[in-house]
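# Structure at a glance
Each chain, written out:
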Amino acid sequence: NGLAARHPDAIAEVRGLGLMLGVELKEPLTAGQVLSRLLARGFVVGTAGGNTLRLVPPLVIGRQHIDALISALEEVISCQN
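First things first, this report covers the structure right here in the doc.

Cut-offs used in this document
Residues numbered from 1 in each chain as written. Predicted model: local features only at pLDDT ≥ 70, side-chain atom pairs only at ≥ 80, totals over all residues. Heavy atoms only, no water. Helix = DSSP H or I, 4+ residues; strand = E, 2+ residues; numbered from the N terminus. Rg over C-alpha atoms; globule rule 2.2 N^0.38 Å. Buried < 20%, exposed > 50% of the residue type's maximum accessible area, 1.4 Å probe, protein only. Contact = heavy atoms within 4.5 Å. Areas by Shrake-Rupley, 256 points an atom, 1.4 Å probe, with all protein chains shown as cover. Lys, Arg positive; Asp, Glu negative; His and termini not counted. Charge placed at Lys NZ, Arg CZ, Asp CG, Glu CD. Pairing = 2+ DSSP bridges. Salt bridge = Lys/Arg side-chain N within 4 Å of Asp/Glu carboxyl O.

Let us now look at the overall build of the chain. Counting secondary structure elements, the chain contains 3 helices and 4 strands. Reading the helices (α) and strands (β) of the chain from amino to carboxyl end gives α-β-β-α-β-β-α. Taking 81 residues into account, the globule formula puts the C-alpha radius of gyration at 12 Å, and the chain, at 12 Å, falls close to it. Put simply, the chain has 81 residues, and 28% of those count as buried. Summarising the internal contacts of the chain: among those between residues at least 6 apart in sequence, 49% fall at separations of at least 24. Total accessible area computed for the chain in this model is approximately 4,900 Å², and 58% of it derives from carbon and sulfur atoms. In the chain, the 7 positive side-chain charges and the 7 negative ones have mean positions that sit 4 Å from each other.

Here strand β2 (residues 20–25) pairs with strand β4 (residues 52–55) via 4 bridges, running antiparallel. Pairing of glutamate 24 across the sheet is with threonine 52, part of β4. If you look at the hairpin formed by strand β3 (residues 46–47) and β4, you'll find 4 residues sitting between the two strands, and glycine 49 has a positive phi there, around 90 degrees.

What follows covers the pattern of salt bridges. This structure, assessed with the given rule, holds 5 salt bridges. When the shortest N-O distance is used, the salt bridge between arginine 6 and glutamate 74 registers 3.1 Å. Of this pair, arginine 6 sits in helix α1 (residues 2–6) while glutamate 74 sits in helix α3 (residues 63–80), and the two are 68 residues apart along the sequence. When its relative accessible area of 47% is taken as the criterion, arginine 6 is described as partly exposed.

Time to look at the sheet that holds β3. An order of β1-β2-β4-β3 is seen for the 4 strands of this open sheet, with the pairing classed as antiparallel. A strand with exactly one partner marks an edge of an open sheet, and here the two such strands are β1 (11–17) and β3. Bridge analysis of β1 against β2 gives 6 bridges, and the strand direction is antiparallel. In the strand pairing of β2, glutamate 13 is matched with glutamate 24.

What follows concerns the side chain of histidine 7. With respect to the helices and strands, histidine 7 occurs in the loop between α1 and β1. For histidine 7, a relative accessible area of 12% gives the class buried. The residues touching histidine 7, leaving out its near neighbours within four places in the chain, are Glu74, Ile77 and Ser78.

Written as structure tokens, this is what we have:
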């Protein structure tokens, strides 16, 4: 949610339960574009439709991994906006 607050022009909504999240992106961003750029950085995410990233991390995950994904996602959406 902090990332969405910092990038209201790129992220429309964050919804979900716990760490299972959907990040709805605003045009011109597409989930496919962001997914491929995150994959190039070593992060595997899914999509739910054309503009929503699906984040379903493993049951056992460390805070450092979550922080690394948030940092990579922020870098990707900043470069595309």
